[in-house]
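Chains, contacts and geometry: an overview
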Amino acid sequence: VQLQAYGGGLVQAGGSLTLSCAASEGDFRINVMGWFRQTPGKQRELVATMKTAGYTNYADSVKGRFTVSRDVAKKTVFLQMNTLKPEDTAVYYCYAKVAWGRSVEYEYWGQGTLVTVSS
C-alpha cells in the first residue's frame, strides 16, 4: 500500500491550507485514515484520524481549527487546516490502518509533506 500526500507549503499565520492523501489501488480495506505530524527532535504526534464509520479523533491543539474527512470509495483522506499557527509548522504524514479480508491490520505511512506557517 502506498500513500501519496499533497498540499503542503508555506502559509501565513491565520491562513488556511488543505492536505490530501490518496492510497494506491488494491483489494484492501482502510479502517482508519488520517494525519500525524513531526517536528525536529520530537516524536511524531497525532493530528486527526477518521474511521470508516465516521468516528474522528483530533489532537487537542487542533480541535476547532482542523477538519479531517475521507472519500472512502476513492481511498482518500483530507485535512482542512484553518487559523494556522506557527506552532503548526511540521512535516505532516498521511496514515492508514489497512486490512485484507479478515486479516490483521497493518499500518502504513506516506512520505510526508512540509507545512510551514510564518508569523
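Up top is the structure these notes are about.
These lines cover the structure that appears in this document, whether it is placed above or below. Since we're looking at a predicted model, the values are computed, not measured. (Residues numbered from 1 in each chain as written. Predicted model: local features only at pLDDT ≥ 70, side-chain atom pairs only at ≥ 80, totals over all residues. Heavy atoms only, no water.)

1. Observations concerning the state of the cysteines
- Using the criterion set out here, one finds one disulfide in the structure.
- Here cysteine 21 connects covalently by a disulfide to cysteine 94, the sulfurs 2.0 Å from one another. On the S-S bond that ties cysteine 21 to cysteine 94, the torsion sits near -90°, and the link is left-handed. One end of the pair, cysteine 21, is in strand S3 (residues 17-23); the other, cysteine 94, is in strand S9 (residues 90-99), and 73 residues separate them in sequence.
- By relative accessible area, cysteine 94 is classed as buried at 0%. (Disulfide = S-S within 2.5 Å. Helix = DSSP H or I, 4+ residues; strand = E, 2+ residues; numbered from the N terminus. Buried < 20%, exposed > 50% of the residue type's maximum accessible area, 1.4 Å probe, protein only.)

2. Describing the pattern of salt bridges
- Applying the stated criterion across every chain yields a total of four salt bridges.
- Lysine 63 serves as the salt-bridge partner of aspartate 60, at 3.1 Å between the closest nitrogen and oxygen.
- Overall, the relative accessible area of 64% leaves aspartate 60 in the exposed class.
- Arginine 65 is the salt-bridge partner of aspartate 88, the closest N and O atoms lying 2.7 Å from each other. In this pair, aspartate 88 is assigned in the loop between strand S8 (76-81) and S9 and arginine 65 in the loop between strand S6 (56-58) and strand S7 (66-71), connecting sequence segments 23 residues apart.
- Exposure remark for arginine 65: the relative accessible area of 10% places this residue in the buried category.
- One network of salt bridges, with partners in common, ties together Arg37, Glu45, Arg65 and Asp88. (Salt bridge = Lys/Arg side-chain N within 4 Å of Asp/Glu carboxyl O.)

3. Observations regarding the packing of aromatic side chains
- Applying the stated criterion across every chain yields a total of six aromatic pairs.
- Ring plane angle 55° and centroid distance 5.0 Å describe the contact between tyrosine 95 and tryptophan 109, whose orientation is recorded as tilted. With tyrosine 95 in strand S9 and tryptophan 109 in strand S10 (residues 106-109), the pair connects residues that are 14 residues apart, well separated along the chain.
- Between tryptophan 100 and tyrosine 108, the aromatic rings sit 6.4 Å apart at their centres with planes inclined by 70°, giving edge-to-face as the arrangement.
- Linked through ring pairs, Phe28, Trp100, Tyr106 and Tyr108 together constitute an aromatic cluster.
- Over the ring of tyrosine 93 we find arginine 44, and its NZ or CZ is 3.7 Å from the ring centre.
- It is arginine 44 that lies over the ring of tryptophan 109; its NZ or CZ is 4.6 Å from the centre. (Phe/Tyr/Trp six-rings, centres within 6.5 Å; stacked < 30°, edge-to-face > 60°. Lys NZ or Arg CZ within 6 Å of the ring centre and 35° of its normal.)

By themselves, these figures tell us nothing about what the structure is for.
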